[in-house]
Amino acid sequence: MSPDRIVVMGTGGTIAGRGAPGAELGYVAGQIGVEDLVAAIPELRDVRVVTEQVAQIDSKDMAFGVWQSLAARCAHWLGQADVAGIVVTHGTDTLEETAWFLQRVLAPGKPVAITCAMRPATALVPDGPQNLLDAFTVARQAGARGVMAVCAGVVHGAAEVRKVHTYRLDAFGSGDAGPLAYVEAGRVRQLRGWPQGLSGAGLLDRVLCAREWPWVEIVTNHAGAGSRTVDALVAGGVQGLVAAGTGNGSLNVPMEQALLRAMEKGVRVLRSTRCLDGKVIAQAGDRLPAHPLTPVKARVDLLLELLA
Ligand code: ASP
């Protein structure tokens, strides 16, 4: 018998938000239980579902402990032969970081579809129920694998997904790469390959054993940026720094020098870009290592590297 059980893990977010009836803003995220979110969708009545409330937070407050629990529970359920896939309900604000974290740590051979909403469940026309239903469609898709974000009928890969809009229902983009797939009237139209690979040997165990995550900050290059922020962080004991450079990861001279000094003192440094599209292209003579993903995802990679 082919696997048919779907596990839904709730972490909170606007999709579980409650506010004044009909209001789009001024709500509180993470108020409605994941079981109730699923029960509200008649189309899911005949699906074999397990729900687990892993957290109930606004994702701007995402914490390492929640990531640990999520990774542990996902790993458990992914190992069950009758589970076809996992759906995670999540706030939109840090969804892209959780997606990349889970892809890096689990590299799942089954689909993990993270979904969300831009309007609370109590809005006049909430977008959460359709997004949740679409995430189920992706999680049940034969042959699908890897961690994906599902929002407004668009499926984004963990490496590429980023929140690009403060208000629009279609709030995510995949940059130059474009989406992985669309969900249209309950069917998946796949455009390119599912996310694959990356979990290093023992990485999940190291994440689960860690008491706290390493201290890694993002520093942004901008007109007038200097050395003071980096110097202060190094003096405070920071372990890793991601520089969100301008353009092709460029940094003003005092900031670059401060980062080089930080590296000499043993702080791990990566150089990403604050540009919305494109990636930092490494050049001969670069003194600070370039990273191809966005600053927040480079930060996830640095966290995992420092846990090693
Ligand atoms: N602040 C909310 C969160 O990330 C926003 C959302 O879910 O859209 O949980």
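Here is a short report on the structure shown in this document. Everything numeric in this text was worked out from a predicted model, so none of it was measured.

A separate point is the packing of helix α6 (residues 228–236) against helix α7 (residues 253–264). Relative orientation of the contacting elements α6 and α7 amounts to 15°, with a least axis distance of 8 Å. Here α6 lies roughly parallel to α7, going by the angle between them. Of the two possible hands of crossing, α6 and α7 adopt the one that is left-handed. Contacts between α6 and α7 pair Val-230, Asp-231 and Val-234 from the former with Met-255, Ala-258, Leu-259, Arg-261 and Ala-262 from the latter.

Counted residue by residue, strand β4 (residues 111–115) has five buried out of five residues, so it is predominantly covered. Bridging between strand β3 (residues 83–89) and β4 involves four bridges; their strand directions are parallel. Pairing of Thr-89 across the sheet is with Thr-115, part of β4. Handedness of the β-α-β unit built from β3, helix α3 (residues 95–106) and β4 comes out right-handed. Where β4 lies against strand β5 (residues 146–151), five bridges are found, and the strand directions are parallel. Residue Ile-114 lies in a different strand from β5, and its bridge partner there is Ala-149.

For the rest of this paragraph, the subject is the site of the ligand. Around the ligand sit Gly-13, Thr-14, Asp-58, Ser-59, Gly-91, Thr-92, Asp-93 and Ala-117, and that is every residue in its neighbourhood. One nitrogen or oxygen atom from the side chain of Thr-92 is found 2.5 Å from an oxygen atom belonging to the ligand. A distance of 3.2 Å separates an oxygen atom of the ligand from a polar backbone atom of Ala-117. Summarising the interface, the protein chains cover 93% of the accessible area of the ligand, which totals 260 Å² for the free molecule. Tallied by class, the residues present in the shell around the ligand amount to one nonpolar, five polar and two charged.

Applying the stated rule across the entire model yields three aromatic pairs. With centroids separated by 4.5 Å and ring planes inclined at 15°, the aromatic side chains of Trp-67 and Phe-101 adopt a geometry described as stacked. Taken together, the positions of Trp-67 in helix α2 (residues 64–78) and Phe-101 in helix α3 put the pair 34 residues apart, joining distant regions of the chain. Phe-101 carries the same exposure label as Trp-67, and that label is buried. Taken together, Phe-64, Trp-67, Phe-101 and Trp-213 form an aromatic cluster joined through their ring pairs. Against the face of Trp-213 rests Arg-299, its NZ or CZ located 5.3 Å from the ring centre.

Throughout this description, disulfide means a covalent bond between two cysteine sulfur atoms. The final tally for this structure, using the stated rule, is zero disulfides. For the unlinked cysteine Cys-74, the closest cysteine sulfur is that of Cys-116, found at 16 Å. The class for Cys-74 is buried, based on a relative accessible area of 0%.

Before going further, it helps to spend a moment on the nonpolar core. Judged by nonpolar contacts, the single largest core of 49 residues is most densely connected at Met-9, Ile-86, Phe-101, Leu-102, Val-105 and Leu-304. Among the elements that line this core, the one with the most residues is α2, at eight residues. Among all residues touching Leu-304, those that are not within four sequence positions of it are Phe-101, Arg-104, Val-105, Leu-203 and Val-207. Ranked by size, the runner-up nonpolar core spans 30 residues in total, among them Leu-37, Val-38, Leu-44 and Trp-194.

So, about the sheet that holds strand β9 (residues 181–184). The strand order across the open sheet formed by eight strands is β2-β1-β3-β4-β5-β6-β9-β10, and the pairing between neighbours is mixed. Among the strands making up the open sheet, the edge pair consists of β2 (49–57) and β10 (187–190). Put simply, the sheet's adjacent strands are angled 25° from each other on average, direction ignored. Alignment of strand β1 (residues 5–12) against β2, held across six bridges, turns out to be parallel. Bridging from a neighbouring strand, Gly-10 pairs with Gln-53 of β2. The strands touched by α2 are β1, β2, β3 and β4; relative to β2, the strand with the most contacts, the crossing angle is about 170°.

So, how was this worked out
- Residues numbered from 1 in each chain as written.
- Predicted model: local features only at pLDDT ≥ 70, side-chain atom pairs only at ≥ 80, totals over all residues.
- Heavy atoms only, no water.
- Axes fitted to C-alpha atoms, helices over the stretch in contact; angles between N-to-C directions.
- Helix = DSSP H or I, 4+ residues; strand = E, 2+ residues; numbered from the N terminus.
- Parallel < 35°, antiparallel > 145°, perpendicular 65-115°, else oblique.
- Left-handed = near helix turned anticlockwise from the far one by under 90°.
- Contact = heavy atoms within 4.5 Å.
- Buried < 20%, exposed > 50% of the residue type's maximum accessible area, 1.4 Å probe, protein only.
- Pairing = 2+ DSSP bridges.
- Right-handed = clockwise from strand over helix to strand, strands pointing away.
- Near = heavy atom within 4 Å.
- Polar contact = N/O pair within 3.5 Å; in protein donor to acceptor, adjacent residues only side chain to side chain.
- Areas by Shrake-Rupley, 256 points an atom, 1.4 Å probe, with all protein chains shown as cover.
- Nonpolar A, V, L, I, M, F, W, Y, C, P; charged D, E, K, R; others polar.
- Phe/Tyr/Trp six-rings, centres within 6.5 Å; stacked < 30°, edge-to-face > 60°.
- Lys NZ or Arg CZ within 6 Å of the ring centre and 35° of its normal.
- Disulfide = S-S within 2.5 Å.
- Core = buried A, V, L, I, M, F, W, Y, C linked by side-chain atoms within 4.5 Å.

Taken by themselves, the reported measurements are silent on function.
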